[in-house]
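# Tertiary structure, described
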2 protein chains.
Amino acid sequence: MSRKPTLAVVGATGAVGTVMLDILSTREDVYGEIRLIASPRSAGKKLTVRGEEVVVQALAPEVFDGVDIAMFDVPDEVSAVWAPIAAERGAVAVDNSGAFRMDPDVPLVVPEVNPDAAKARPKGIISNPNCTTLSMIVALGALHRQWGLAELVVASYQAASGAGQEGIDTLYSQIEKIAGNRELGQRAGDVRAVVGTEGPFPAPLALNVVPWAGSLKDGGWSSEELKVRNESRKILGLPGLKVSATCVRVPVITTHSLAVHAVFGSEVDQREAQAVLAAAPGVVLSDNPEAYEFPTPNDVVGTDPTWVGRVRRSLDDPKALDLFLCGDNLRKGAALNTAQIAELVATEFTS
Amino acid sequence: MSRKPTLAVVGATGAVGTVMLDILSTREDVYGEIRLIASPRSAGKKLTVRGEEVVVQALAPEVFDGVDIAMFDVPDEVSAVWAPIAAERGAVAVDNSGAFRMDPDVPLVVPEVNPDAAKARPKGIISNPNCTTLSMIVALGALHRQWGLAELVVASYQAASGAGQEGIDTLYSQIEKIAGNRELGQRAGDVRAVVGTEGPFPAPLALNVVPWAGSLKDGGWSSEELKVRNESRKILGLPGLKVSATCVRVPVITTHSLAVHAVFGSEVDQREAQAVLAAAPGVVLSDNPEAYEFPTPNDVVGTDPTWVGRVRRSLDDPKALDLFLCGDNLRKGAALNTAQIAELVATEFTS
């Protein structure tokens, strides 16, 4: 019997949660009841979703009773505890934390790339990939279907909002401190001396780039760089994919960019690659450098697709393409992909 | 007979020229007379070098009479005409433009990498490489001597001053326009609507990154990306080196950064690579991510060396290293390397 599923949004008051409520309000009417859940200190707050005020409830096992799908956008350690509780109470948990992404019993899903993976979820949990991986994987999935991906070399240009609202506030604050001083940025450490080291970044971000995101892992790799490697492999179903990523934070508020060198199993062609990308769902090709048409983060922030430009066949390797991509890390990189996964699950109730 | 050579600095009033006068003032006393040359509209202006005021002379054939070494930092089309005139009058021309870099009869020199190339100069001209290539090539030269370089994949984070004083002024101006508005950077085109499109960049640079530098070449490549490929090959003496570069402008005043994936002819080792870099002249290793030690452009701007950090052996290729490098594009990337080449030539007079 067809019915509209009940949805719970856990972490409704956060940066990604806020974007999620916008997305739920503007898309077709998929759900019956929508419950908003947050930490006890946000309980009682009223938020608007689908034009109606909803009172935020405190996270507790009982809030999941009668819930069919529960989206989680909370820290890893909160998801680790509460996504299994939601699943135990009968909900399908769609989790945007890193807690379960590499769990072999939890699918890691990008609806344009591996929708069928969402069907097998022995723990009742589906994971949403990391925002940096999501900013490129839809475009790379389309190219992989064409030529078979063998290797990726990725350099990222990651936005401040990847570090949450604190990241956004820190960058705005640093820019306010340096604006109007036309000497800064010309002597070692002069920006650091003015903006200090407050906030989530290990070095000043205004008038600077910072080659670090996440925590330190073996071999000098950052956790963010390993996520790009491991999650790309899992989503594409290519456990042997060669991946080298260098993740760098740049002074952009929202939208991650990536320079990608992708090596395939067979010879590629620039025009054909452009045609594949232009036709791929969830991808927009913006690639006419003669007219200065290429994606930049400010030109695409707030939009849903992955934007791809600067498509070139490598001069020294007929099997390799070089690309520049932009994707909104709060939308496709987080809330939008979570919403898309939840809608995949919702079709099980309505069809 | 040993004597101190006479030096002419052509383009003494520009952004790189200004840094050059600083460098000439702080280094050991290499030259006899120093003549400062610029366009007719700057003639008569007084500039200070080595603590003394020098009157700027207008560019004319006669100013090169008696000159032993002439440094050029002027646009390509000016160098194309005037460097041969200086050479004809007996000077060795050291040219920082792109006019002669790929000329087979003009050596392209980085003193730490290929000093001997400066000796064979049939046209009396030596070229100084492009700033982006210079920001990485000293470090890569050291690693190449150890393991033999086979392939480079490069993504750049290039500073505004790579587009000259106009680039610097444009970025400062854009930051002044966006500072204090904590809504900007969150909706497509909102920064463009505030800062407009004045200046040398094809898209806003504040709160943005722009995947374009230079002019359009075949296959969608930018001239800047081809310079990285072609100049790296020439400097390293590796005409078959595989190179893919994506050049991106970032909102940094001065100092280019690069994420480099370098593949070698034999197996590499992270600790050994760090040791090679730490011992290399002109290179500083800054690589202890546990203590958040890695180079950032603001931490190294105004210094001479190439700074290298984030040294990692690729997880999926034992012959590949991933690195993050920073180099001041006005110093090593332009004035300093030109000064070093001129000093190589000067030793021919004094030894």
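Residues numbered from 1 in each chain as written. Chains lettered and ligands numbered in written order. Predicted model: local features only at pLDDT ≥ 70, side-chain atom pairs only at ≥ 80, totals over all residues. Heavy atoms only, no water.

Identification of chain A as Aspartate-semialdehyde dehydrogenase from Actinocorallia herbida is taken from an unreviewed UniProt entry. Regarding chain A, the UniProt comment filed under Catalytic activity (unreviewed entry) reads as follows: "L-aspartate 4-semialdehyde + phosphate + NADP(+) = 4-phospho-L-aspartate + NADPH + H(+)". (UniProt positions renumbered as here; feature names shortened; annotations may be inferred.)

Next up on the list: the domain arrangement of chain A. All names here are of chain A. Per the domain assignment, the segments of chain A are domain 1 (7-128 + 335-347) and domain 2 (133-159 + 209-327). Computed over C-alpha atoms, the centres of domain 1 and domain 2 are 27 Å apart. Taken together, the contact pairs 14 residues of domain 1 with 14 residues of domain 2. Summed over both sides, the interface between domain 1 and domain 2 buries roughly 1,100 Å², with carbon and sulfur atoms accounting for 67% of that surface. Interface area lost by domain 1 to domain 2 is led by Leu108, Glu112 and Val113, which between them contribute 42%. Applying the counting criterion to the domain 1 and domain 2 interface returns 1 salt bridge. Between Arg101 and Glu231 there is a salt bridge, and its shortest N-O distance comes to 3.4 Å. Where domain 1 meets domain 2, there are 5 residue pairs in polar contact (both at pLDDT 80 or more). Grouping the amino acids of the side of domain 1 that touches domain 2 by side-chain chemistry returns 7 nonpolar, 3 polar and 4 charged. (Domains from an automatic or database assignment. Contact = heavy atoms within 4.5 Å. Buried area = accessible area lost by both parts, 1.4 Å probe. Salt bridge = Lys/Arg side-chain N within 4 Å of Asp/Glu carboxyl O. Polar contact = N/O pair within 3.5 Å; in protein donor to acceptor, adjacent residues only side chain to side chain. Nonpolar A, V, L, I, M, F, W, Y, C, P; charged D, E, K, R; others polar.)

What follows is about the packing of aromatic side chains. All told, the structure shown has 9 aromatic pairs over all chains when counted by the stated rule. Ring geometry for Trp147 of chain B and Phe264 of chain B: centres 5.9 Å apart, planes at 65 degrees, overall edge-to-face. You can see Trp147 of chain B sitting in helix H3 (residues 131-147) and its partner Phe264 of chain B sitting in strand E11 (residues 256-264), a full 117 residues away along the chain. An identical accessibility class is assigned to Trp147 of chain B and Phe264 of chain B; each is buried. Site record: aromatic cluster; members linked through ring pairs are Tyr157 and Phe324 of chain A together with Tyr157 and Phe324 of chain B. Lying across the ring of Trp221 of chain B, Arg312 of chain A places its NZ or CZ 4.7 Å from the centre. (Phe/Tyr/Trp six-rings, centres within 6.5 Å; stacked < 30°, edge-to-face > 60°. Helix = DSSP H or I, 4+ residues; strand = E, 2+ residues; numbered from the N terminus. Buried < 20%, exposed > 50% of the residue type's maximum accessible area, 1.4 Å probe, protein only. Lys NZ or Arg CZ within 6 Å of the ring centre and 35° of its normal.)

Residue and element names in this part refer to chain B. Secondary-structure assignment places Lys332 in helix H9 (residues 331-350). The exposure class assigned to Lys332 is buried, which follows from its relative accessible area of 4%. In terms of polar contacts, Lys332 uses its side chain to reach the side chain of Glu112, at 2.7 Å. In this structure Lys332 touches Val110, Pro111, Glu112, Leu134, Val138, Asp304, Asn337 and Gln340, once residues within four positions along its chain are discounted.

With that out of the way, let us pick up the UniProt feature "domain: Semialdehyde dehydrogenase NAD-binding" (unreviewed entry) in chain A. Here, the residues flagged by UniProt with the feature "domain: Semialdehyde dehydrogenase NAD-binding" (unreviewed entry) are residues 6-121 of chain A. Between the C-alpha atoms that bound residues 6-121 of chain A there is a distance of 19 Å. The span itself is 22% helix and 23% strand.

Every contact between the two is made by 83 residues of chain A and, on the other side, 83 residues of chain B. Note on chain A versus chain B: buried area summed over both sides is about 6,400 Å², and carbon and sulfur give 59% of it. Considering only the surface of chain A that becomes buried against chain B, Arg182, Asn298 and Asp316 of chain A emerge as the three largest contributors, covering 11% of it. The tally of links between chain A and chain B comes to 12 salt bridges. For Arg192 of chain A, the salt bridge is made with Asp299 of chain B, and the minimal N-O distance between the two is 2.9 Å. Here chain A is connected to chain B by 50 residue pairs in polar contact (both at pLDDT 80 or more).

Looking now at the packing of H3 of chain B against helix H6 (residues 223-236) of chain B. All names here are of chain B. Packing of H3 against H6 leaves a shortest axis separation of 10 Å and a crossing angle of 35 degrees. As H3 runs across H6, the sense of the crossing is right-handed. Only Glu224, Lys227, Val228, Glu231, Ser232, Ile235 and Leu236 of H6 make contact with H3, whose side of the interface consists of Thr132, Thr133, Met136, Ile137, Gly141 and His144. Of the residues that constitute the contact of H3 with H6, the class distribution is 5 nonpolar, 5 polar and 3 charged. (Axes fitted to C-alpha atoms, helices over the stretch in contact; angles between N-to-C directions. Left-handed = near helix turned anticlockwise from the far one by under 90°.)

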